[in-house]
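A structural walkthrough
In case you want the letters, here they are:
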Amino acid sequence: MLKCRLPTNNYTFPPLIKDCTLLLHCSLQLAHFVPAHVVKICFSDVVFVQSALIEFYSSSLDMGTARKIFDGFRERDVVLWTTMKDGYAKSGDMESARYLFEEMPDRNPIT
């Protein structure tokens, strides 16, 4: 898309970021290109892009970066809270997952 100068928007990136998670086992450098580009061009302030970024960094077990993204977003919805909590749980940090669950202002059956 960049090479062809095709326009991008906040709907372009969540599926691409999700696909990058699959690349983590094949090409770590390539997998990190899209999330880095998203942050560079400032689409990282959209809640569903944030959620995709948190899921990506959680999948690569980089919970520090996932948490920085989460903490940097002031208007967190239930999806963002759940994505971060799931990241902690998948990485084996059940204490942080439980703490975040207790801190969630809103919960639903999925959380």
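Please refer to the structure placed before this passage.
We now turn to the structure provided with this report.

Checked against the element boundaries, Ser-59 lands in helix α3 (residues 47-59). Relative accessible area serves as the criterion here: at 38%, Ser-59 is assigned to the partly exposed category. Spatially, the C-alpha atom of Ser-59 lies 7.9 Å from that of Lys-90, the residues being 31 residues apart in sequence.

Our focus in this paragraph is the nonpolar core. Ranked by internal contacts, the top residues of the largest apolar core, which has 18 residues, are Ile-54, Tyr-57, Ala-66, Phe-70, Met-84, Tyr-88 and Leu-100. Where this core is concerned, the elements lending two or more residues are α3, α4 (63-71), α5 (78-90) and α6 (94-103). Among the elements that line this core, the one with the most residues is α3, at five residues. Look past the residues within four positions of Tyr-88 in its chain and what remains in contact with it is Met-63, Arg-67, Asp-93, Met-94, Ser-96, Ala-97 and Leu-100.

With that out of the way, let us pick up the side chain of Lys-85. Residue position: Lys-85 is located in helix α5. Excluding residues that lie within four positions of it along the chain, Lys-85 makes contacts with Ala-97, Leu-100, Phe-101 and Thr-111.

What counts, and at which threshold
Residues numbered from 1 in each chain as written. Predicted model: local features only at pLDDT ≥ 70, side-chain atom pairs only at ≥ 80, totals over all residues. Heavy atoms only, no water. Helix = DSSP H or I, 4+ residues; strand = E, 2+ residues; numbered from the N terminus. Buried < 20%, exposed > 50% of the residue type's maximum accessible area, 1.4 Å probe, protein only. Core = buried A, V, L, I, M, F, W, Y, C linked by side-chain atoms within 4.5 Å. Contact = heavy atoms within 4.5 Å.

Just geometry here; none of it tells us what the structure is for.
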